Amino acid sequence: MARARHGARRGRVLTGPAARAALLGCAVLTAFVAACERRQPSPQEYLRAAWEDYKKVYVMEPGYVLDQTRGDGEAISEGQGYALLRAAWMCDEPAFDRIFAWVEANLRRPDGLYSWTWSARTGRLIDFNTATDGDQEIAFALILAAHAFARPALEARARELLVAIRTHEAIEVPGGWFPAAGNWAVAERIVNLSYFIPYAYADFARVDPDGRWDEVTRTGYALLERVLQGPGVVLPPDFMVVNPDGSIAPLPESSKLGREFSFDAMRLYFRVALDCAFTGRPEACDGPLRADALVEMLRRDGAIYTRYATSGRPLSSDESLSFYGGVLPLLERQAPAYARHLREGKLSLAELATISTRPDRYYDLNWLWFGIAAAEGLLAQSADLRCAASAAAPAGRPAGS
C-alpha cells in the first residue's frame, strides 16, 4: 500500500548569546566537550522512551494507532500489528490488551481476517479488504504475547487467524503456497515480497501444524532469488505478479501499485536480517538479499533515497529515516562500517530522541524502533520471551535483551 513520505529532520541550531556561551564553555577544556553535546541514551533507554512517547502521540485512548499523514487521520491493520509487536516485546500487557481489543472490535471480518483501513474522523471502515502484512504481524504479535504474558488463549486466536490467512490470502505455486498481498490480490496473483516474514513461520507452523508454513519459507526465498537474478535487477520491487508456474511477471499496466523499490520493499532487509538472527538459516544469512546495493547507494549518493528503479537508479532525492532503520540490521551484519557510519550520523540516538513526539512520523518511528532493536539483538523469539507476572508497566528494556 502507498506509504507516506517523511524526510529526515535536522538537529536544532543555537544562535545568539546561548550559542556563544556554549562554544566558550566547550573551548575551556577539551575534556568537557562531551558534556556540551546532547546526551546519547543507551539503545535500551532509547527503545523504552521511544515506545512510551509513541503510545502518548500515536496510540489513541480507545486503542487505535492514528496515522495523521493518511487522509484526514486513519488507522490501518499494519500499524495495529506494529504496535502489538512492540507492546509484546516491551512486556506492556495493558497496552497490548487495549490495542488488541480495539482491533477485534473494529477491524475483524467474518472470515477471521482484518480489514485494512479505518477512518478516525467517521469511525468507520474505509476499506473492508485485507493487507496480508497486517494480518501476519498481528498473528505473530499474538504468539509473542501468549508467551510473554502466559496467556494461551492469545495463541488460540493466532491459530484462527493463520488458518484464515492460508484460506483466503494464499496463491498456490509449484511445491507450496505463498501469501498474496491481500484477499483482493488472489485472483490476479499479486504479491508483495516485503509481506514475507520468515522469522515468524516456525511459530506459525507450531501453532498451525497443517498450514505448510515451511513451504512459504522456501517459496519466499526462491522468489527473492528469482527477482534478484533478473537482468539488471539489484533491488526488489514493492509489488509483482507470481504466475502459476512460479515465474515472476510485472504488474498489469493498469495497476497503480508500486513496481519500483520504495517504502514497502525496503522492509525486506529487516525481515531477512531478523530471520538470520533468529534461525541462522543459510538463505537468510548468506542468501540472495545482500547489502551490496545498499552500500553502493551510500557510497554513490551519501544517502538512501525513498524510491529507486529496481536497477538501483534513483527516482527521488527524498529521504526517510524509516529506510535507514529498516536496512540497519542487515548492514550491521554484512557492512558494519556503514552501519557504524549511520549510527554516528543519521541514526544517532540522541538526535532520534528529538523526533519521538512528532505527530507526523508514524512510519519513521516504527521502523527506527524495529531496526535499532534488531541490530542490537534485543528482539526475542517467542520461546525466549517471558515477562514478570506482576509487571503492570513496560519492562526497562525489550525482553530477550
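Conventions adopted
Residues numbered from 1 in each chain as written. Predicted model: local features only at pLDDT ≥ 70, side-chain atom pairs only at ≥ 80, totals over all residues. Heavy atoms only, no water. Disulfide = S-S within 2.5 Å. Helix = DSSP H or I, 4+ residues; strand = E, 2+ residues; numbered from the N terminus. Buried < 20%, exposed > 50% of the residue type's maximum accessible area, 1.4 Å probe, protein only. Phe/Tyr/Trp six-rings, centres within 6.5 Å; stacked < 30°, edge-to-face > 60°. Salt bridge = Lys/Arg side-chain N within 4 Å of Asp/Glu carboxyl O. Pairing = 2+ DSSP bridges. Axes fitted to C-alpha atoms, helices over the stretch in contact; angles between N-to-C directions. Contact = heavy atoms within 4.5 Å. Core = buried A, V, L, I, M, F, W, Y, C linked by side-chain atoms within 4.5 Å. Parallel < 35°, antiparallel > 145°, perpendicular 65-115°, else oblique. Left-handed = near helix turned anticlockwise from the far one by under 90°. Nonpolar A, V, L, I, M, F, W, Y, C, P; charged D, E, K, R; others polar.

K.L.:
Would you mind showing me how to read the state of the cysteines here?
P.N.:
Counted by the stated rule, this structure contains 2 disulfides. Here Cys 91 pairs with Cys 387 through a disulfide, and the sulfurs are 2.0 Å apart. Around the S-S axis, the bridge from Cys 91 to Cys 387 shows a dihedral of about -80° and counts as left-handed. You can see Cys 91 sitting in the loop between α4 (77-89) and α5 (93-106) and its partner Cys 387 sitting in the segment after α16 (362-375), a full 296 residues away along the chain. By the burial criterion, Cys 91 is buried, and Cys 387 matches it.

K.L.:
Just checking my understanding: could you explain the packing of aromatic side chains for this structure?
P.N.:
Each aromatic ring pair is specified by the distance between its two centres and by the angle formed by the two planes. Under the defined criterion, the tally for this structure stands at 33 aromatic pairs. For the ring pair Phe 196 and Tyr 221, a centre distance of 5.1 Å and an interplane angle of 85° mean the geometry is edge-to-face. Here Tyr 221 lies in helix α9 (residues 213-228) and Phe 196 lies in the loop between β6 (190-191) and α8 (201-207), a separation of 25 residues in the sequence. Owing to a relative accessible area of 1%, Phe 196 belongs among the buried residues under this scheme. Three or more aromatic residues link up through ring pairs in this structure, and these residues are Tyr 82, Trp 89, Phe 140, Tyr 199, Phe 270, Phe 278, Trp 367, Trp 369 and Phe 370.

K.L.:
What is the right way to read the pattern of salt bridges from this model?
P.N.:
Pairing is possible between side chains of opposite charge, provided their charged atoms come close. Counted according to the given criterion, the structure contains 32 salt bridges. Across the salt bridge formed by Lys 55 and Glu 52, the nearest N and O atoms sit 3.3 Å from each other. Of this pair, Lys 55 and Glu 52 both sit in helix α3 (residues 43-58), 3 residues apart, roughly one helical turn. For Glu 52, a relative accessible area of 21% puts it in the partly exposed group. Here the salt bridges do not stand alone but share partners, grouping Glu 78, Asp 133, Asp 264 and Arg 267 into one network.

K.L.:
Even after reading the chapter, I still don't get the sheet that holds strand β3 (residues 124-127), so can you show me in this structure?
P.N.:
In sheet architecture, strand pairing relies on hydrogen bonds along the backbone and comes in two forms, parallel and antiparallel. Reading across the sheet, the 3 strands line up as β1-β2-β3 and stay open at both edges, with antiparallel pairing between neighbours. With one partner strand each, in any of the chains shown, β1 (74-76) and β3 form the two edges of the open sheet. Each adjacent strand pair in this sheet contributes to an overall mean axis angle of 35°, direction not counted. Two elements, β1 and strand β2 (residues 117-119), share 3 bridges in a ladder whose sense is antiparallel. Bridge pairing in β2 links Ala 75 to Trp 118.

K.L.:
I tried to follow the side chain of Ser 322 on my own but got confused; where do I start?
P.N.:
Topologically, Ser 322 is positioned in helix α13 (residues 321-334). Its relative accessible area of 0% is what places Ser 322 among the buried residues. Excluding residues that lie within four positions of it along the chain, Ser 322 makes contacts with Phe 263, Met 266, Tyr 363, Asp 364 and Trp 367.

K.L.:
Would you mind showing me how to read the pairing of β3 here?
P.N.:
The two faces of the sheet receive side chains in turn, since in a regular strand these alternate between them. With 3 bridges connecting them, β2 and β3 associate as antiparallel partners. Within β3, the residue paired with Trp 118 across the bridge is Leu 125. Between β2 and the antiparallel strand that follows it, β3, lie 4 residues; Gly 123 among them carries a positive phi value of about 70°.

K.L.:
When you look at the nonpolar core in this model, what are you seeing that I'm missing?
P.N.:
As a rule of thumb, nonpolar side chains are buried together in soluble globular proteins. One finds Trp 89, Phe 96, Phe 204 and Trp 369 to be the most contacted residues of the largest nonpolar core, which totals 140 residues. The leading source of residues in this core is α16, at 11 residues. Setting aside residues up to four positions removed in sequence, Phe 96 forms contacts with Leu 84, Ala 87, Ala 88, Ala 141, Leu 142, Ala 145, Phe 149 and Leu 154.

K.L.:
Would you mind showing me how to read the packing of helix α10 (residues 267-279) against α16 here?
P.N.:
For any two helices packed against each other, the geometry is given by the interaxial angle and the distance between the axes. Between α10 and α16, the shortest axis-to-axis distance is 11 Å and the interhelical angle comes to 25°. As far as their axial angle goes, α16 and α10 are roughly parallel. With respect to the hand of their crossing, α10 and α16 are arranged in left-handed fashion. For the pair α10 and α16, the contacting residues are Arg 267, Phe 270, Arg 271 and Leu 274 in the first and Tyr 363, Trp 367, Phe 370, Gly 371 and Ala 374 in the second. Each residue belonging to the contact of α10 with α16 can be placed in one class, and the counts come to 6 nonpolar, 1 polar and 2 charged.

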